[in-house]
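# A closer look at the structure
One-letter residues, chain by chain:
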Amino acid sequence: MIDRFNIAADILKLDESIRQRLQRPEKQIVVNFSIVLDNGKEQNFEGYRIIHNTALGPSKGGIRYDTAVNLEEVKALAAWMTWKSAVTGIPFGGAKGGIICDPSTHSKRELEKITRAYTKSLSDIFGPQKDVPAPDMGTGPDEMGWLMDEFSQLHGRIVHGVVTGKHLHAGGSLGRVEATGKGVSIITLLALEKLKLRPAGSTVAVQGFGNVGIHSALFLYEKGLKVLAVSDVSEALYNPDGINIPELILYYNLNNKSIKGYPNSVTIKHEELLLLEVDVLIPAAKEDVITRQNAHEVKAKIIVEGANGPVSSDADAILEANNVLVIPDILANAGGVTVSYFEWLQNTLVEKWGVNQVNRQLENILEKSFETVFRTVKKYNVSPRIASYILALQKVAETQSVKEVALTAENYKQN
Ligand code: GLU
């Protein structure tokens, strides 16, 4: 995050003080709590909430449940949220949270207790006009519902807008579950158009079969792309004629949420998927999967970053030299936070939107953002990633400076 930030900041000749201000989070909170497990024993947990920046609005960002969660990672992810909202023009700042835990080893009851205890520790931080969490790796609508309920109980009133990504009946929005994958597919189609490639028959490989991977693969399959390969932690599947994604999703749902053993394909090594000869590669699993080590072997024409940070900064120059068009995470996977914004708006306005309205507005926002990024690519002669950072930094730095000048003027008057 810092590497790319610095390149954009140098181009913008950003003032040193504002640069330092934006490199560090506004607030970092570490919480520590215990719950009683189903077996009667107590277990202690450490959690985080990092508010990176609130210049453009209340801070927004997911909560991650994973054993690998750590403060440094959450800090980077929180900053990414600031840039993501800024690129798409959503009136939110950036935040991220996490709890060090393995959700697959906990019962629903335990996960509920963990979520409620975490919410209690952060009840002064969260709020619809302050900081609005959402799902991320290892969390989903259940966790968001518990968070909303706990927060509402603590504040003595129903507060739907404190969190997004809730179940529909609990104040969620139509289209939110699919939103990130839908956004990835919209951006992929726009990127294909840039290279004058037609969707029908273009080939794609998707790494990761979680919420983002599944929906990206499905929407692109529906647009006529051939999904040659997909993977999850258990297996990587390949079929040169294209995998039937609806059939694979059915198999996955009946097979304990795993693609392992799906018959109409062959298995390949996980690392091979990233190096396949395809038009589009969508890394939608985790961070740093394309690095200096393997970047020169990537044969895809386009990389659309479904996950946050799948391409590490030391791979940027290699991919650029090889003419791989990389659409960065802060634009490519912004569909999730965009529909989160719609959910928050519906909660605030006490409205319910139809799915067509959600999807139409999502498409509008992403198309405009894509165009603006590519205009910036031309203007500064930089990659789409650096262009996205330039756009985001410009907006945040300008607003931050105006705020700070106003505060200084206020002090001056008072003194
Ligand atoms: N966790 C998702 C992200 O990284 C969604 C955040 C949100 O909806 O606020 O973009």
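Calculation rules
Residues numbered from 1 in each chain as written. Predicted model: local features only at pLDDT ≥ 70, side-chain atom pairs only at ≥ 80, totals over all residues. Heavy atoms only, no water. 1 Å grid on protein atoms, 1.4 Å probe; cavity = no way out; pocket = protein on both sides within 12 Å on 5 of 7 lines; lining within 4 Å. Points joined across faces, edges and corners; volume = space filled by probe spheres on them. Helix = DSSP H or I, 4+ residues; strand = E, 2+ residues; numbered from the N terminus. Nonpolar A, V, L, I, M, F, W, Y, C, P; charged D, E, K, R; others polar. Pairing = 2+ DSSP bridges. Axes fitted to C-alpha atoms, helices over the stretch in contact; angles between N-to-C directions. Contact = heavy atoms within 4.5 Å. UniProt positions renumbered as here; feature names shortened; annotations may be inferred.

### Thoughts on the layout of surface pockets
- Empty space within the second largest pocket amounts to approximately 440 Å³.
- Lining the second largest pocket are 23 residues, and of these Glu320, Val324, Val326, Ser383 and Pro384 sit closest to its centre.
- Secondary structure elements with two or more residues in the lining of the second largest pocket: helix H1 (2-11), helix H10 (313-321), strand S12 (325-327), helix H13 (355-380) and helix H14 (384-414).
- If you tally residues by element for the lining of the second largest pocket, the top one is H10, at five residues.
- Each residue belonging to the lining of the second largest pocket can be placed in one class, and the counts come to 12 nonpolar, four polar and seven charged.

### Details of the sheet that holds strand S8 (residues 236-238)
- Strands sit in the order S9-S8-S7-S6-S10-S11-S12 across an open sheet of seven strands; the sheet is mixed. Each edge of the open sheet is held by one strand with a lone partner, namely strand S9 (266-268) and S12. Averaged over all adjacent pairs, the angle separating strand axes in this sheet is 25°, with direction ignored.
- The pairing of S8 with S9 spans three bridges and is classified as antiparallel. Looking at S9, one finds that Leu237 is bridged to Thr267.
- Along the sheet face, helix H7 (residues 211-222) touches strand S6 (203-207), strand S7 (226-231) and strand S10 (280-283) and points at about 165° away from the line of S6.

### Regarding the UniProt feature "active site" (unreviewed entry) in the protein
- Listed under "active site" (unreviewed entry) in the UniProt record, and renumbered for this structure, are Lys96.
- You can see Lys96 is positioned in strand S4 (residues 93-100).
- Ignoring sequence-local partners within four residues, the contact set of Lys96 consists of Tyr48, Arg49, Ile50, Gly61, Gly62, Val74, Leu77, Ala78, Met81, Asp136 and Asn308.

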